[in-house]
Amino acid sequence: MQPSRRTVLAAFAAMPLIGAAPAGRNRVVLLGTKGGPTPTPLRSEPATLIDLDGRAWVVDCGNGVANQLAKARMPLDRLARIFVTHNHSDHVADVGNLIEIAWSSGLKTPVTVHGPPPIRQIVRDQLAALAYDVEARIREEGRVPLAPLVSVDERAEPGLVVRDGGTMVTSALVDHETIKPAFAYRFDTPGRSIVLSGDTRYSDALVRLAKGADLLIHEAIYGPMIERMAGENAATLADHLRRSHTLAEQAGLVAARAGVKKLVLSHLVPGAGVSDAMWIAAVRKNFAGPVVVGRDLMEV
Ligand SMILES: [Zn+2]
Ligand SMILES: [Zn+2]
């Protein structure tokens, strides 16, 4: 006897949560918690999942984001929106890959990419590089055309980005040295307010955006280690990091001035060699509230 559809679904429901979305709740998952484009064994490239009752909103798409979503048990065909803070490769290398992999995993619904210029060109060029595969899968697997599903909301100005399903998204311009514009995003969901700093040095605009937020996910560099980072361009790199990123103690200052309820450090530089206690001690110079040092796949 053939099992009924209901029986099959019940069997799937009884399986461990591999490849299934936790139903009926919102969650924020840190997909990648290191800053910069160089892969490391311990932390993935920057990306964060906001799972709105099974709809995947992804903030930044560093290399490996699709793999990290799978590990976070987020079905890729639920991808709905991508928010790009700025166009450094550790934030956009996999925008096109994520969309194409989601589509080849069954995505049939629209995906919108929000971000600063030249995000439209970046998405177009990355998808163009995958056109051969897209055409092959439409031909061989009977998939729906990909292009009509993808739209890009490119904008240079801060403010209201989108309202969708009871969630309002707003942005602020932050200060990431020569990378302009660079955005921080605030998500006011029905459950809580979540702010992501993007990449920035200390920013008063971010303090204003994050006022009273439940959760602030802020990038951080660790000052004493920056000076010691190896490599022949160490001096140039250290100087750049100090001018375009935020020391952990300054992230604490942003959290304190904005009055956020919880601070999470992510986009960590360096991504290894600094203990949680060291990160937290730096934050404690300015912020007495709850602090979490982010790890990949941590729910915050
Ligand atoms: Zn970055
Ligand atoms: Zn950057």
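Residues numbered from 1 in each chain as written. Chains lettered and ligands numbered in written order. Predicted model: local features only at pLDDT ≥ 70, side-chain atom pairs only at ≥ 80, totals over all residues. Heavy atoms only, no water.

> Looking at this structure, I do not really get the environment of Gly 35. What am I missing?
Relative to the helices and strands, Gly 35 is located in the loop between strand E1 (27–32) and strand E2 (47–52). Accessibility expressed as a relative area gives 11% for Gly 35, which makes it buried. Residues Gly 35 and Ser 275, 240 residues apart in the sequence, show an inter-C-alpha distance of 16 Å. (Helix = DSSP H or I, 4+ residues; strand = E, 2+ residues; numbered from the N terminus. Buried < 20%, exposed > 50% of the residue type's maximum accessible area, 1.4 Å probe, protein only.)

> Explain the coordination of the zinc ion (ligand 2) to me, please; I cannot follow it from the model alone.
Geometry reference: four tetrahedral donors at a metal, ideal angle 109.5 degrees. Six octahedral donors, ideal angles 90 or 180 degrees. The protein atoms that coordinate the zinc ion (ligand 2) are His 86 (NE2), His 88 (ND1), His 176 (NE2) and Asp 199 (OD), at distances of 2.1 to 2.4 Å. In this structure, the zinc ion (ligand 2) is surrounded by four donor atoms whose angles at the metal cover 90 to 164°, and the resulting shape is irregular. Each donor residue of the zinc ion (ligand 2) lies on one chain, and together they are spaced H-x1-H-x87-H-x22-D. In this structure the zinc ion (ligand 1) is found 3.4 Å away from the zinc ion (ligand 2), and Asp 199 serves as a bridging donor for the pair. Separated by 111 residues along the polypeptide, His 88 in the loop between strand E4 (79–83) and helix H3 (89–92) and Asp 199 in the loop between strand E10 (193–196) and helix H7 (204–209) bring together distant segments of the chain. (Donors = N, O, S within 2.8 Å, 3.2 Å for Na, K, Ca; no water. Tetrahedral: all angles 85-135°; square planar, octahedral: opposite > 155°, others 65-115°.)

> For this particular structure, what's the right way to read the side chain of Arg 27?
Assignment of secondary structure puts Arg 27 in strand E1. Polar side-chain contacts of Arg 27 include one of 2.9 Å to the backbone oxygen of Ala 72. (Polar contact = N/O pair within 3.5 Å; in protein donor to acceptor, adjacent residues only side chain to side chain.)

> Explanation requested: the pairing of E10 in the structure shown.
Remember that side chains alternate between the two faces of the sheet whenever the strand is regular. The side-chain alternation of E10 yields two buried faces, one formed by Ser 193 and Val 195 and the other by Ile 194 and Leu 196. With four bridges connecting them, strand E9 (residues 182–188) and E10 associate as antiparallel partners. For Phe 187, the partnering residue across the bridge sits in E10 and is Ile 194. Between E9 and E10, which pair antiparallel one after the other, the connecting turn spans four residues. (Pairing = 2+ DSSP bridges.)

> Sorry, what's going on with the sheet that holds strand E5 (residues 111–115) here?
In sheet architecture, strand pairing relies on hydrogen bonds along the backbone and comes in two forms, parallel and antiparallel. Strand order in the open sheet formed by six strands is E1-E2-E3-E4-E5-E6, with mixed pairing between adjacent strands. Single-partner strands in this sheet number two, and they are E1 and strand E6 (150–154). Taking each pair of neighbouring strands and ignoring which way they run, the sheet shows an average axis angle of 20°. Where E4 lies against E5, three bridges are found, and the strand directions are parallel. Bridge pairing in E5 places Phe 83 opposite His 114. Packed onto the sheet, helix H4 (residues 95–104) meets strand E3 (55–59), E4, E5 and E6 and runs at close to 175° relative to E4. Against the sheet, helix H5 (residues 119–129) contacts E5 and E6, and its axis sits at roughly 155° relative to E6. (Axes fitted to C-alpha atoms, helices over the stretch in contact; angles between N-to-C directions. Contact = heavy atoms within 4.5 Å.)

> What is the right way to read the coordination of the zinc ion (ligand 1) from this model?
Distances from the zinc ion (ligand 1) to its protein donors, Asp 90 (OD), His 91 (NE2), Asp 199 (OD) and His 267 (NE2), fall at 2.1 to 2.2 Å. Viewed at the metal, the four donor atoms of the zinc ion (ligand 1) are separated by angles of 91 to 165°, and the geometry they form is irregular. When the donors of the zinc ion (ligand 1) are listed by position in the chain, the intervening gaps give D-H-x107-D-x67-H.

> Where do I start with H5 in this structure?
For an α-helix, 3.6 residues make a turn, and residues three or four places apart therefore share a direction. Considered for burial, the residues of H5 that qualify are Ile 119, Ile 122, Val 123 and Leu 127. Viewed along the axis of H5, the buried residues span an arc of 120°, placing them on a single side of the element. H5 presents Arg 124, Ala 128 and Ala 129 as exposed residues on the side facing more than 90 degrees away from its buried surface. (Arc of directions from axis to C-beta.)

By themselves, these are just geometric observations and shouldn't be taken as functional.
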